[in-house]
Amino acid sequence: MAGCVFCGIVAGEAPAIRVTDEADGVAFLDTRPVFKGHVLVVPRAHLVTLADLPPESLPGYFALVRRLAVAVEAGLGAGGTFVAINTKVSQSVPHLHTHVVPRTKGDGLRGFFWPRTRYTDDAEAQGYADRITAALATG
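Residues numbered from 1 in each chain as written. Predicted model: local features only at pLDDT ≥ 70, side-chain atom pairs only at ≥ 80, totals over all residues. Heavy atoms only, no water.

A. Seen up close, the nonpolar core. Counting residues in each nonpolar core, the largest one holds 25 residues, and the members touching the most others are Val19, Leu29, Val39, Val41, Leu68, Val100 and Ile132. Contributing elements (two or more residues each) for this core: β2 (25–29), β3 (39–42), α2 (58–76) and α3 (122–138). When residues of this core are assigned to their parent elements, the largest contribution, eight residues, is made by α2. In contact with Leu29, not counting residues within four places along its chain, are Ile17, Val19, Gly37, His38, Val39, Tyr119, Ala125, Tyr128, Ala129 and Ile132. One finds Cys4, Val10, Leu40 and Val42 within the second-largest nonpolar core, a separate group that totals ten residues. (Core = buried A, V, L, I, M, F, W, Y, C linked by side-chain atoms within 4.5 Å. Buried < 20%, exposed > 50% of the residue type's maximum accessible area, 1.4 Å probe, protein only. Helix = DSSP H or I, 4+ residues; strand = E, 2+ residues; numbered from the N terminus. Contact = heavy atoms within 4.5 Å.)

Dropping the structure here:
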């Protein structure tokens, strides 16, 4: 869809540090991560909310989300992950996206007050993406 930043990323027209690009979706690093290694997973088609995702797309999309949750944990040595979808309220980009956030005990995340951080530079961000991509390939 014209003007949608996530559609631009899927099409390769907008910059993003990709973790994977598959038939069921595209995953890339959030530019304002809760914690470094925070991944966004989006369907290839422009869909605004979870309710818009066709039932036949659920298994493939959520299998990709699940694989990324495992890869984020393994690739980054995280204690676990937080997986979430905002629908309409707090949905900063009106394109369905799932957050996969690495977690560690004592990381300071409380409820839904998400602290935000930044990568030092693209090289640091790429390093996080590469670790997750490598774990995705082995998982």
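B. Seen up close, α3. Between its first and last C-alpha, α3 extends 24 Å over 17 residues, near the 24 Å set by a 1.5 Å rise per residue. When α3 is considered as a whole, its buried residues turn out to be Ala125, Tyr128, Ala129, Ile132, Ala135 and Leu136. Take α3 and look down its axis: the buried residues cluster within an arc of 125°, on one side only. Exposed residues lying more than 90 degrees from the buried face of α3 are Ala123, Ala137 and Thr138. Buried residues along α3 sit in contact with β1 (18–22), β2, β3 and α2. At the N-terminal boundary of α3, the capping side chain belongs to Asp121, with an oxygen 3.2 Å from the backbone nitrogen of Ala123. (Expected span 1.5 Å × (residues − 1). Arc of directions from axis to C-beta. Polar contact = N/O pair within 3.5 Å; in protein donor to acceptor, adjacent residues only side chain to side chain.)

C. Layout of the pattern of salt bridges. In the structure shown here, the tally under the stated rule is five salt bridges. Residue Asp21 is joined to Arg18 by a salt bridge in which the shortest nitrogen-to-oxygen separation is 2.6 Å. Note that Glu124 is salt-bridged to Lys36, the shortest N-O span being 3.0 Å. With a gap of 88 residues between them, Glu124 in helix α3 and Lys36 in the loop between β2 and β3 connect regions that are remote in the sequence. The class for Glu124 is partly exposed, based on a relative accessible area of 22%. By relative accessible area, which is 26% here, Lys36 ends up partly exposed. The network of salt bridges with common partners includes Arg18, Asp21 and Arg44. (Salt bridge = Lys/Arg side-chain N within 4 Å of Asp/Glu carboxyl O.)

D. A look at the packing of α2 against α3. Contact geometry of α2 with α3 gives a least axis separation of 8 Å together with a crossing angle of 115°. Along this stretch, α2 crosses α3, giving a crossing that reads as right-handed. Contacts between α2 and α3 involve Arg67, Leu68, Ala71, Val72, Ala74, Gly75 and Leu76 on the former and, on the latter, Tyr128, Arg131, Ile132, Ala135 and Leu136. Considering only residue class, the contact of α2 with α3 consists of nine nonpolar, one polar and two charged. (Axes fitted to C-alpha atoms, helices over the stretch in contact; angles between N-to-C directions. Left-handed = near helix turned anticlockwise from the far one by under 90°. Nonpolar A, V, L, I, M, F, W, Y, C, P; charged D, E, K, R; others polar.)

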